[in-house]
Amino acid sequence: RDRGKTFARLHFVAGDRVLALLGDAYRRQQVLNGLLTVAPDGHAPRVEAMLKSEKETAREMKTLTAELTELQAERLKSKVASGEKVLQLHRDLGDINFMRGLASALDDTGALLLTTAGGPKEGTFMLSGPADLVAKLGPQVAEAMDGKGGGGKGRYQGKVQNVASRQRAVALLRDVVDTEGLSKQG
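Please read all numbers here as calculations on a predicted model, not as lab measurements. Starting afresh in each chain, residues are numbered from 1 along the sequence in its written order. In keeping with the predicted nature of the model, local features appear solely for residues at pLDDT of at least 70, side-chain atom pairs appear and are counted solely at 80 or more, and the whole-chain, interface and lining totals rest on all residues. No hydrogens and no water enter the side-chain calculation; it runs on all heavy atoms of the structure.

## Looking at empty space enclosed by the protein
At step 1: Only protein atoms enter the calculation, which uses a 1 Å grid: trapped sets of points that fit a 1.4 Å probe without letting it out are cavities, open sets showing protein on both sides within 12 Å along at least five of seven lines are pockets, and any residue with an atom within 4 Å of a point is a lining residue. Grid points are joined across faces, edges and corners, and a volume is the space filled by probe spheres set on the points. Taken as a whole and assessed by the stated rule, the structure comprises one cavity of 30 Å³ or more.
At step 2: In this structure, the largest cavity occupies an estimated 40 Å³ of space.
At step 3: Ala103, Leu106, Asp107, Ala111, Leu113, Ser128 and Gly129 are the residues that line the largest cavity.
At step 4: A breakdown of the residues in the lining of the largest cavity according to their chemical character gives four nonpolar, two polar and one charged. Three categories are distinguished: nonpolar for Ala, Val, Leu, Ile, Met, Phe, Trp, Tyr, Cys and Pro, charged for Asp, Glu, Lys and Arg, and polar for the others, with Gly belonging to the last.

Dropping the structure here:
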């Protein structure tokens, strides 16, 4: 019954449709048997185990990404301590959360950080650092990599069509920093 209504829906098949439906179900079951490598009785437990494993793997990946972010941040902070004002980091499989974590870890250094992910063609980027410089240079960095983006508060992020041209963007950042200087801002 449907929520207190006085009627019930009955779904049925008859004639050739019964054979077609049974044939489809059997073919589907055979495919699942092969994919799950278990008999039909084991489909549900196998899928449950796979979903549980997927959740555990996702949790582990999140933890490992946080550890990697921390290690990369320490490496980049040591570069800032040795005098570098423009930093870059590229990861083929990075994501925006990785980029945000690095940007947050380096907020108090006053350095410009360009992180990119993906490539060699399409990908994402984030420019972080002193808010005034990021606001000024963000669109230029996006243009240097054939992309677009937006942001505020010391972050400029977006999508680009040519991640491989990130060296051109880094050169642009270094030119500006060398000619105009970089003040340490929070």
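## Notes on the side chain of Gln72
At step 1: A run of DSSP states H or I qualifies as a helix once it reaches four residues; a run of E qualifies as a strand once it reaches two. Both are numbered from the N-terminal end. Structurally, Gln72 can be placed in helix H2 (residues 43-81).
At step 2: Categorising residues by exposure relies on relative accessible area from a 1.4 Å probe, with only protein chains included: less than 20% of the type maximum marks a residue as buried, more than 50% marks it as exposed, and the intermediate range marks it as partly exposed. On the accessibility criterion, Gln72 (14% relative accessible area) is buried.
At step 3: Pairs of residues are marked as contacts when any of their non-hydrogen atoms sit within 4.5 Å. Apart from the residues within four sequence positions on either side, Gln72 is in contact with Leu89, Phe98 and Leu102.

## Some details on the layout of surface pockets
At step 1: In this structure, the largest pocket occupies an estimated 210 Å³ of space.
At step 2: Lining the largest pocket we find Met61, Leu64, Thr65, Leu68, Arg91, Leu93, Gly94, Asp95, Asn97 and Phe98.
At step 3: Those elements giving two or more residues to the lining of the largest pocket turn out to be H2 and helix H3 (96-105).
At step 4: Ranked by the residues each element gives to the lining of the largest pocket, the list is headed by H2, at four residues.
At step 5: When the residues that make up the lining of the largest pocket are grouped by side-chain class, the tally is five nonpolar, three polar and two charged.

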